[in-house]
Amino acid sequence: MSHLSVAKFGGTSVANYSAMQACAKIIIADPNTRVVVLSASAGVTNLLVALANGVEAEERAKLIGEVRQIQENILNELKDDSRVRPIIEKYLENITALSEAASLATSLALTDELISHGEMMSTQIFIEVLRELQTSATWVDVRTLVATNDNFGKASPDDAQTQVNCDNLLKPLIDRGESNSTPDEAEPVLSNVNAILTSEVVIVSTEILYLAKILNTFARNPWACSMLKLESVNKV
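### As for the overall build of the protein chain
(1) Moving on: A tally of regular secondary structure across the protein chain gives seven helices and five strands.
(2) Moving on: In the protein chain, the succession of α and β elements from N to C terminus is β-α-β-α-α-α-α-β-α-β-α-β.
(3) Moving on: Considering the protein chain as a whole, with its 236 residues, one finds that 51% of them fall into the buried category.
(4) Moving on: A separation threshold of at least 6 residues defines the contact pool for the protein chain, and within that pool the share at least 24 residues apart is 76%.
(5) Moving on: When the accessible surface of the protein chain is summed, it comes to about 10600 Å², and 53% of that surface belongs to carbon and sulfur atoms.

Listed below in structure tokens is the structure:
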């Protein structure tokens with residue numbers, strides 16, 4: 001591989017099943033796209049932020065129901081949701097528990113953890129969309145890659161440790177996909193960047209560029225790395 005592309009799809013691009021399918025086809029069409037970063041499905045982050053602020057039981061149930069419905073709308077269009085549905089149900093259980101905790105006492109750490117579930121759900125579902133198109137993908141939790149300080153809400157990345165983590169965890173996955181597949185069959189790696197930094201502005205303008213920089217500076221690796229940011233497939 002002489003060129004590595006990192007694709008970042010915003011919430012509108014993964015808002016529903018048809019939007020996810022369009023994104024999946026973009027990825028499949030470009031064998032250089034090996035790392036894919038997704039936002040939460042449109043509307044989910046705002047709902048999770050509201051829950052993280054702490055709300056009464058009736059409002060909490062309403063907001064969680066709206067989060068669930070967005071996931072259900074996509075799951076119901078999958079040909080086979082048996083693999084991913086239990087995962088989503090577990091995330092929804094976590095959201096419920098964290099929301100109850102937030103109703104008693106809010107904190108930046110709790111907020112970050114709660115909001116991260118939006119991206120975790122969208123990325124897990126997106127793997128199934130890719131699978132339906134005969135393309136496999138490996139899910140990666142970005143918290144195992146991007147090291148930060150403990151300034152919740154406005155965490156700053158640790159470049160050196162993040163480089164080590166990417167060398168040890170992410171690069172082998174990309175290399176494995178290249179060695180085991182033809183370019184047209186290379187396995188993309190999905191990541192949920194918003195699990196670390198939750199400001200949408202930072203996510204779009206900084207996080208993906210930061211990951212691209214890390215990918216581009218793998219020790220002794222000659223790859224060129226570009227960043228493809230697709231906030232809406234309608235704009236492509």
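### Digging into the packing of helix H2 (residues 44–52) against helix H3 (residues 57–75)
Packed helices, taken two at a time, are described by the angle their axes make and the gap between the axes.
(1) Moving on: The contact between H2 and H3 brings their axes to 10 Å, and the two run at 155 degrees. Classified by the angle their axes make, H2 and H3 are roughly antiparallel. Crossing handedness for the pair H2 and H3: left-handed. Of the residues in H3, those touching H2 at Val-44, Leu-47, Leu-48, Ala-50 and Leu-51 are Arg-60, Leu-63, Ile-64, Glu-66, Val-67, Ile-70 and Gln-71.
(2) Moving on: Its residues placed into classes, the contact of H2 with H3 shows nine nonpolar, one polar and two charged.

### Section: the environment of Met-121
(1) Moving on: Assignment of secondary structure puts Met-121 in helix H5 (residues 108–132).
(2) Moving on: Overall, Met-121 belongs to the buried group, its relative accessible area being 0%.
(3) Moving on: For the pair Met-121 and Ser-41, spaced 80 residues apart in sequence, the C-alpha to C-alpha distance is 8.5 Å.
(4) Moving on: When residues no more than four places from it in sequence are discounted, the contact partners of Met-121 are Val-44, Val-67, Gln-71, Ile-88, Tyr-91, Leu-92 and Ile-95.

### With respect to the environment of Asn-46
(1) Moving on: Tracing the sequence through the fold places Asn-46 in helix H2.
(2) Moving on: Note on Asn-46: relative accessible area 60%, which makes it exposed.
(3) Moving on: The spatial distance from the C-alpha of Asn-46 to the C-alpha of Ile-115 is 8.8 Å, given a sequence separation of 69 residues.

### A closer look at the packing of H2 against helix H4 (residues 85–104)
(1) Moving on: Two elements in contact, H2 and H4, have axes whose closest approach is 8 Å; the angle formed by their N-to-C orientations is 40 degrees. Taken together, the axes of H2 and H4 are oblique relative to one another. Here Leu-48, Leu-51 and Ala-52 of H2 come into contact with H4, specifically with Ile-95, Ser-99 and Ala-102.
(2) Moving on: Among the residues forming the contact of H2 with H4, the class breakdown is five nonpolar, one polar and no charged.

### Description of the pairing of strand E1 (residues 3–9)
(1) Moving on: With six of seven residues buried, E1 lies mostly within the body of the structure.
(2) Moving on: Across five bridges, the pairing between E1 and strand E2 (residues 33–38) is parallel. Each residue of the ladder has a partner; that of Val-6, found in E2, is Val-35.
(3) Moving on: On the question of chirality, the crossover connecting E1 to the parallel E2 by way of helix H1 (residues 17–29) is right-handed.

### Comments concerning the nonpolar core
(1) Moving on: Residues Ile-95 and Phe-126 are the most contacted members of the largest nonpolar core, which totals 42 residues.
(2) Moving on: Sort the elements by how many residues they give to this core and H5 lands first, with ten residues.
(3) Moving on: Sequence-distant contacts of Ile-95, defined by excluding residues within four places in its chain, comprise Leu-48, Leu-51, Ile-64, Val-67, Leu-114, His-117 and Met-121.
(4) Moving on: Counting twelve residues, the second largest nonpolar core, distinct from the first, contains Val-6, Val-35, Val-37 and Leu-170.

### Let's talk about H5
(1) Moving on: Spanning 25 residues, H5 covers 38 Å between terminal C-alpha atoms, matching the ideal 36 Å at 1.5 Å per step.
(2) Moving on: Along H5, 21 of the 25 residues are buried, which leaves the element largely enclosed by surrounding structure.
(3) Moving on: Just downstream of H5 lies Gln-134, where phi reads positive at about 60 degrees.

### Structural notes on the side chain of Ser-122
(1) Moving on: Its place among the elements puts Ser-122 in helix H5.
(2) Moving on: Polar side-chain contacts of Ser-122 include one of 2.8 Å to the backbone oxygen of Ser-39.
(3) Moving on: The residues contacting Ser-122, other than those within four sequence positions of it, are Met-20, Leu-38, Ser-39, Ala-40 and Ser-41.

### Quick look at unusual backbone geometry
(1) Moving on: With a phi angle near 60 degrees, Gln-134 is a residue other than glycine that sits in the positive phi range.
(2) Moving on: By the secondary structure assignment, Gln-134 is in the loop between H5 and strand E3 (138–140).

Analysis parameters
- Residues numbered from 1 in each chain as written.
- Predicted model: local features only at pLDDT ≥ 70, side-chain atom pairs only at ≥ 80, totals over all residues.
- Heavy atoms only, no water.
- Helix = DSSP H or I, 4+ residues; strand = E, 2+ residues; numbered from the N terminus.
- Buried < 20%, exposed > 50% of the residue type's maximum accessible area, 1.4 Å probe, protein only.
- Contact = heavy atoms within 4.5 Å.
- Areas by Shrake-Rupley, 256 points an atom, 1.4 Å probe, with all protein chains shown as cover.
- Axes fitted to C-alpha atoms, helices over the stretch in contact; angles between N-to-C directions.
- Parallel < 35°, antiparallel > 145°, perpendicular 65-115°, else oblique.
- Left-handed = near helix turned anticlockwise from the far one by under 90°.
- Nonpolar A, V, L, I, M, F, W, Y, C, P; charged D, E, K, R; others polar.
- Pairing = 2+ DSSP bridges.
- Right-handed = clockwise from strand over helix to strand, strands pointing away.
- Core = buried A, V, L, I, M, F, W, Y, C linked by side-chain atoms within 4.5 Å.
- Expected span 1.5 Å × (residues − 1).
- Polar contact = N/O pair within 3.5 Å; in protein donor to acceptor, adjacent residues only side chain to side chain.

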